[in-house]
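Structure assessment
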Amino acid sequence: MAETMNFPLPVDSEHKSTALPIISVAKPHMLAFHLSWLQFFTCFVSSFAAPPLLPVIRDNLGLTATQIGNAGIASVSGAVFARVAMGTACDLFGPRLASAFLTLLTAPVVFCTALVDGPTSFLLVRFFTGFSLATFVSTQYWMSSMFSSPVVGRANGVAAGWGNLGGGAVQLIMPLVYDLIRRIGATGFTAWRIAFFIPGMMQTLAAFAVMTLGQDLPDGNFRELEKEGDKHKDEFSKVLYHGVTNYRGWITALCYGYCFGVELTIDNIIAQYFYDRFDLNLHTAGLIAASFGLANFFSRPVGGMMSDLMGKRFGMRGRLWAWWTVQTLGGVFCILLGVMSSLGPSIVVMIVFSIFVQASCGLCFGIVPFISRRSLGVISGMTGAGGNVGAVLTQLIFFKGSRYTTQLGIKYMGIMIVCCTLAIVLFYFPMWGGMFCSPRPHYSEEEYYLAEWDDDEKKNGHHENSVKFAENSRGERRRRVRAVPTPTEASPDHI
């Protein structure tokens, strides 16, 4: 196993980096950081390459409002089960192989978008392309495996935020590529089809980069460490069981459905909303829509940083309060966007709304790594899938067909955000407490994380990484409360 002195960055007892120097590409921590967000960025571009060109695609394929709504729902519903599967795959095979495999598997579908000839084929390519959004789970898993608790919120927030930039960048990229192809001489109905080769190529190149340059863990790749005996090859059934039976994972899934799920919904509707409501041209509507996604450059990272700062000052209870406050305010600004009737104020409120809802995503994944050490991938997958479920339900209820106007749907979506975010109040860690509840007296981090392992597994030393993680997580205790000593019986004799 690698020695601490071999790492260019400061590390903890698990060899996770305790620093996040953004401009560094130091192996393995920072190289994994940059590879993960770049890959997720390209997948986001592919999944939302269609909405900026919908006015043209709509005329070419003769799509109705209902058919466009169905395709938008399909684009985010495919990733629901893919994200759960990705979490389990990360736990068993590692984030590098799991994410690269999915990215390569979905890239041909992006190229096939050029061949669609009607509503059904358009819906299918959007559905299967959306599977690639499951790389979000591998991104968060990878960051949680590479970075220690003092900076894990920041690492998750920046990596996911910069990856989500693809949702804003694509609003600029696709209209520009479309215009360039038209100037070369292609007709409008041909130009949009050729344009899809750009996101397809970006996705393919990113997958090969992750496969050849990435590394699963600070000490090596899953397969190599398992062969050397440095990593226990876990059982699928036990990993899945400890993930799905932890109620905290279901709360993060619900609440993430109304921060990231809302973001996905806006990515699908916002360009067409401004195009139709304010009678703008395609390029202007795309610029305005891009500002929503481009806010991810700083807003989601700020959410992660805020989570770490609140954790450092107030412990886990601070992280929970920050998440609830920011996401609730995001819901309030969403309601305001739904009642705006003029262009200028609508743009301003949309940008403020985007900052709060994206920061909420970063705050959520500042908490996810602490829910389970053994089933981190499953919890990440459940939470990520919750984001897609929220997007599917929101679009089905408010943005499918003509039951509600888009403006009214946005207002009701804001009300849903405020209501669903109340579930954060139910969060409770026995060693750290909850928003309104104090921690259980003399309950240690070791007791919580070692409960995922049975006596035979402990005898074989399979739980040792959980012991290290528990030790490194003690910083989540509330600062003004004197830290309780770790009971001697919580650690096995040979540790």
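Read on for a plain summary of the structure. Computed from a predicted model, the values in this text were never measured in an experiment. (Residues numbered from 1 in each chain as written. Predicted model: local features only at pLDDT ≥ 70, side-chain atom pairs only at ≥ 80, totals over all residues. Heavy atoms only, no water.)

What follows deals with the environment of Thr212. Structurally, Thr212 is set in helix H9 (residues 197–213). Taking the C-alpha atoms as reference points, Thr212 and Ala100, separated by 112 residues in sequence, lie 9.6 Å from one another. Reaching out from Thr212, the side chain makes a polar contact with the backbone oxygen of Phe208 at a distance of 2.8 Å. (Helix = DSSP H or I, 4+ residues; strand = E, 2+ residues; numbered from the N terminus. Polar contact = N/O pair within 3.5 Å; in protein donor to acceptor, adjacent residues only side chain to side chain.)

Let's shift gears to the pattern of salt bridges. Evaluation of the coordinates by the stated rule reveals 11 salt bridges. Ionic pairing is found between Lys238 and Glu457, a salt bridge with its closest N-O pair at 3.1 Å. With a gap of 219 residues between them, Lys238 in helix H11 (residues 236–244) and Glu457 in helix H21 (residues 455–459) connect regions that are remote in the sequence. A relative accessible area of 25% means that Lys238 is categorised as partly exposed. Note that Glu445 is salt-bridged to Arg477, the shortest N-O span being 2.7 Å. Of the two residues, Glu445 is situated in helix H20 (residues 445–450) and Arg477 in the segment after helix H22 (464–472); the sequence distance between them amounts to 32 residues. Side by side, Glu445 and Arg477 carry an identical accessibility label, which is buried. Several salt bridges converge on common partners, so that one network encompasses Glu235, Lys238, Arg374, Asp454 and Glu457. (Salt bridge = Lys/Arg side-chain N within 4 Å of Asp/Glu carboxyl O. Buried < 20%, exposed > 50% of the residue type's maximum accessible area, 1.4 Å probe, protein only.)

Before going further, it helps to spend a moment on the nonpolar core. Counting 134 residues, the largest nonpolar core has Phe33, Ile57, Phe147 and Phe353 as the members making the most contacts within it. Counting residues per element, this core draws most heavily on helix H7 (residues 149–184), at 14 residues. Ignoring any residue separated from it by four or fewer positions in sequence, one finds Phe147 in contact with Lys16, Ser17, Ala19, Leu20, His29, Met30, Phe33, Val152 and Ala155. (Core = buried A, V, L, I, M, F, W, Y, C linked by side-chain atoms within 4.5 Å. Contact = heavy atoms within 4.5 Å.)

So, on to the packing of helix H4 (residues 95–112) against helix H6 (residues 135–146). Two numbers describe how H4 lies on H6: the axes approach to 9 Å, and their chain directions differ by 160°. Judged on the interaxial angle alone, H6 and H4 are roughly antiparallel. Considering how the two elements wind past one another, H4 and H6 form a crossing that is left-handed. Contacts between H4 and H6 pair Pro95, Arg96, Ser99, Leu102 and Thr103 from the former with Thr135, Ser138, Tyr141 and Trp142 from the latter. Considered class by class, the residues forming the contact of H4 with H6 number four nonpolar, four polar and one charged. (Axes fitted to C-alpha atoms, helices over the stretch in contact; angles between N-to-C directions. Parallel < 35°, antiparallel > 145°, perpendicular 65-115°, else oblique. Left-handed = near helix turned anticlockwise from the far one by under 90°. Nonpolar A, V, L, I, M, F, W, Y, C, P; charged D, E, K, R; others polar.)

Moving on to empty space enclosed by the protein. Enumeration over the complete set of coordinates arrives at two cavities of 30 Å³ or more. Every residue lining the largest cavity is listed: Ser46, Ser47, Ala50, Thr113, Phe122, Val125, Arg126, Thr129 and Phe196. Within the residue set of the lining of the largest cavity, elements represented by two or more residues are helix H1 (29–47) and helix H5 (119–129). Considering each element in turn, the lining of the largest cavity owes the most residues, four residues, to H5. Considered class by class, the residues forming the lining of the largest cavity number four nonpolar, four polar and one charged. (1 Å grid on protein atoms, 1.4 Å probe; cavity = no way out; pocket = protein on both sides within 12 Å on 5 of 7 lines; lining within 4 Å. Points joined across faces, edges and corners; volume = space filled by probe spheres on them.)

What follows deals with the layout of surface pockets. Looking at the second largest pocket, its volume works out to about 440 Å³. The residue makeup of the lining of the second largest pocket, split by class, is nine nonpolar, 10 polar and four charged.

Read these as spatial facts, not as claims about activity.
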